[in-house]
Amino acid sequence: MEKFRGVDYYEIEGLLSEDERMVRDAVRDWVEAEFLPVVIEHHRAGTFPLDLMPKLGEMGIFGATLQGYGCAGLNNVAYGLIMQELERGDSGLRSAASVQSGLVMYPIHAYGSEAQKEQWLPAMARGEKIGCFGLTEPDHGSDPGGMKTRAVRTTDGYVLNGTKLWITNGSVADVAVVWAKEADGEIYGYLVERGTPGFSTLDIHGKFSMRASITSELAFQDCQIPLENKLPHTKGLRGPLGCLDQARYGIAWGAIGAAMTVYDWALQYAQQRVQFGKPIGSFQLVQQKLVGMITEITKAQLLCLQLGRLKDEGKARPQQVSMAKMNNVQMALDAARLARDILGAAGIVDEHPIIRHLMNLETVNTYEGTHDIHTLIIGRDITGLDAFGM
Ligand code: TGC
Ligand code: FAD
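Treat the numbers as computed from the prediction; the structure is a model and nothing was measured. (Residues numbered from 1 in each chain as written. Chains lettered and ligands numbered in written order. Predicted model: local features only at pLDDT ≥ 70, side-chain atom pairs only at ≥ 80, totals over all residues. Heavy atoms only, no water.)

Undergrad: Explanation requested: the domain arrangement of the protein chain in the structure shown.
TA: Interface size is commonly expressed as the accessible area that is lost once the parts come together. Domain boundaries assigned for the protein chain yield domain 1 (12–125), domain 2 (131–229) and domain 3 (238–383). Relative to domain 3, the C-alpha centre of domain 1 lies at a distance of 20 Å. Listed by partner, the interface residues are 30 residues for domain 1 and 36 residues for domain 3. Between domain 1 and domain 3, a total of about 2,600 Å² is buried, with carbon and sulfur atoms accounting for 59% of that surface. Three residues stand out in domain 1 for area buried against domain 3, namely Ile-12, Asn-76 and Gln-84, and they jointly supply 20% of the buried area on that side. The closest approach of N and O atoms between Arg-44 and Asp-350, which form a salt bridge, is 2.7 Å. (Domains from an automatic or database assignment. Contact = heavy atoms within 4.5 Å. Buried area = accessible area lost by both parts, 1.4 Å probe. Salt bridge = Lys/Arg side-chain N within 4 Å of Asp/Glu carboxyl O.)

Rendered as structure tokens:
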């Protein structure tokens with residue numbers, strides 16, 4: 001196939017500032033030059049190219065919207081475009097950046113002490129230190145409020161006991177942001193450093209999705225952490241959910257990137273592949289699929305752009321973020337399935353990126369709140385009636 005040709009049916013380019021376009025183009029070029037040449041080998045091996053983290057740091061990708069501490073202080077649209085370009089490469093690449101930025105640097109920046117910020121943010125911005133976010137447990141995924149992990153206060157700190165499951169970058173992280181309940185029944189956040197006695201990790205193998213991403217279990221067995229490792233400015237489920245708002249926003253943009261890649265690839269294939277003496281792109285049924293894809297991509301682009309502008313004005317509501325995450329991931333999954341179909345048998349091999357994106361998007365549909373959980377979040381918002389309560 002030729003180089004990616006971009007997808008912009010509604011001249012959305014004109015709605016972006018020059019700075020936003022420059023940031024996007026720099027990341028796009030980097031992904032094409034440095035990441036795409038290695039992604040197939042990592043996907044096959046089930047590994048993540050950790051050596052790229054400092055390079056991502058050099059480009060200012062980590063904590064890109066945060067102010068100070070070596071962070072780039074970009075606006076939310078520029079950040080979204082970064083996520084779009086990373087996920088055009090692979091959802092695992094976007095995941096690494098989402099977790100580092102939205103789920104680890106953000107809570108340290110928003111809820112941390114000055115000492116915690118100084119210790120972690122500059123090194124994480126440079127990609128020298130890696131973080132992970134431990135919320136999900138074996139028995140509590142969609143319902144994190146029921147978590148079993150406990151933090152018990154001692155004279156000089158806290159003792160953690162419990163298990164976190166499905167944690168991106170768990171085994172390679174220098175620091176884990178871990179959510180646990182104390183005796184008052186409230187949820188608090190703690191920074192647990194790699195190597196702390198009583199803290200161990202185990203990688204999850206056998207994944208057919210997000211293969212170029214590390215996913216781990218975190219186990220805490222009488223794990224003692226010092227007092228100063230508790231995040232001082234968060235209490236209750238709203239703390240971790242506030243982090244999820246950041247990461248879900250990035251996913252909504254990232255899904256557009258995956259969809260743009262599979263669409264452009266399928267379009268080029270349909271223009272070249274000949275059956276019955278004509279390019280398959282000349283058949284009405286194939287055109288219908290391609291038209292459906294680009295229409296939905298265009299709607300998703302407009303949804304994200306407006307969400308980003310609202311976020312920059314401080315007006316984006318979590319329920320609006322839910323709508324973008326829910327819609328755009330479903331859109332990308334549908335686009336990947338259609339693109340896979342258009343390639344026929346060729347669609348099942350990793351020489352073409354489509355099956356990799358399709359499998360990845362099955363995870364993206366589930367993590368950061370499943371499609372159905374986001375449906376119920378929006379349902380609660382518009383009806384005023386709560387589907388989750390007892
Ligand atoms: P609920 O009563 O609704 O809320 C409890 C408190 O939280 C506040 N709140 C929020 N705050 C900020 N942002 C949001 N989005 C918020 N949603 C709710 C709420 O106001 C309340 O505050 P307060 O002060 O009144 O107590 O809680 P609930 O127990 O009914 O649960 C609601 C529900 C189901 C929506 C929530 O639990 C949920 O979102 N579940 C989905 C779990 C999830 O998304 N997990 C993701 C784990 S991390 C991950 O997947 C990383 S993937 C990483 C990668 O990219 O690789
Ligand atoms: P469940 O909650 O058991 O849901 C199973 C099914 O039941 C879903 O279809 C769901 O929609 C449905 N369901 C549940 N409740 C309701 C309801 N009230 N109404 C209707 N349907 C409902 N977590 C982290 O904390 N940190 C990470 O870094 C992280 N990374 C991940 C990486 C990968 C590759 C994956 C796959 C997951 C990751 N997760 C992470 C976990 C992810 O957030 C959870 O998988 C997700 O929140 C869903 O939880 P669950 O898998 O336990 O499914």
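Undergrad: Mind showing me how you'd approach the site of ligand 1 here?
TA: Not every one of the 24 residues close to ligand 1 is listed here, only the nearest: Ser-95, Thr-168, Arg-238, Asp-245 and Arg-248. Here Asp-245 contributes a side-chain N or O atom positioned 2.6 Å from a nitrogen atom of ligand 1. For ligand 1, an oxygen atom lies 2.9 Å from a polar atom in the side chain of Arg-380. Protein burial of ligand 1: of its 1,100 Å² of free accessible surface, 74% is covered by the chains. If you list the elements that add at least two residues to the shell around ligand 1, you get α4 (91–111), α6 (238–272) and α10 (371–383). (Near = heavy atom within 4 Å. Polar contact = N/O pair within 3.5 Å; in protein donor to acceptor, adjacent residues only side chain to side chain. Areas by Shrake-Rupley, 256 points an atom, 1.4 Å probe, with all protein chains shown as cover. Helix = DSSP H or I, 4+ residues; strand = E, 2+ residues; numbered from the N terminus.)

Undergrad: Can you walk me through the site of ligand 2 in this structure?
TA: Taken together, 17 residues are adjacent to ligand 2, and Phe-133, Thr-136, Ser-142, Trp-166 and Thr-370 come closest. The separation between an oxygen atom of ligand 2 and a polar side-chain atom of Ser-142 is 2.6 Å. Starting from 970 Å² of accessible surface for ligand 2 in isolation, the protein chains cover 66%. When residues of the shell around ligand 2 are traced back to their parent elements, those giving at least two are β3 (157–168), α9 (354–366) and α10. Here the residues of the shell around ligand 2 are counted per class, giving seven nonpolar, eight polar and two charged. When residues of the shell around ligand 2 are assigned to domains, at least three map to each of domain 2 (131–229) and domain 3 (238–383). (Nonpolar A, V, L, I, M, F, W, Y, C, P; charged D, E, K, R; others polar.)

Undergrad: What's the story with the packing of aromatic side chains in this structure? I'm lost.
TA: Aromatic rings considered in pairs are described by the distance between their centres and by the relative angle of their planes. Using the criterion set out here, one finds six aromatic pairs in the structure. Among the aromatic residues, those joined into a cluster by ring pairs are Tyr-106, Tyr-111, Phe-133 and Trp-179. One Lys or Arg, Arg-153, reaches over the ring of Tyr-158 and ends 5.7 Å from the middle of that ring. Between Lys-230 and the ring centre of Tyr-188, over which it is positioned, the NZ or CZ distance is 3.8 Å. (Phe/Tyr/Trp six-rings, centres within 6.5 Å; stacked < 30°, edge-to-face > 60°. Lys NZ or Arg CZ within 6 Å of the ring centre and 35° of its normal.)

Undergrad: Before we go on, may I ask you to explain the nonpolar core in this structure?
TA: Generally speaking, soluble globular proteins have nonpolar side chains that are buried together. Ranked by internal contacts, the top residues of the largest apolar core, which has 97 residues, are Leu-86, Trp-179 and Leu-290. When residues in this core are grouped by element, the largest group, 18 residues, is from α6. One finds Ile-167, Ala-173, Tyr-190 and Ile-225 within the second-largest nonpolar core, a separate group that totals 17 residues. (Core = buried A, V, L, I, M, F, W, Y, C linked by side-chain atoms within 4.5 Å. Buried < 20%, exposed > 50% of the residue type's maximum accessible area, 1.4 Å probe, protein only.)

Undergrad: How should the pattern of salt bridges be read in this particular structure?
TA: Opposite charge on two side chains lets them pair, provided their charged atoms get close. One pass over the structure, following the stated rule, counts 23 salt bridges. Here Asp-174 and Arg-194 are joined by a salt bridge, their closest N and O atoms 3.3 Å apart. Taken together, the residues span a long stretch of sequence, with Asp-174 in the loop between β3 and β4 (175–181) and Arg-194 in the loop between β5 (187–193) and β6 (199–203) at a distance of 20 residues. Residue class for Asp-174 comes out buried when judged on its relative accessible area of 16%. A salt bridge links Glu-313 to Lys-315, with the shortest nitrogen-to-oxygen separation between them at 2.9 Å. Glu-313 sits in the partly exposed class, given a relative accessible area of 48%.

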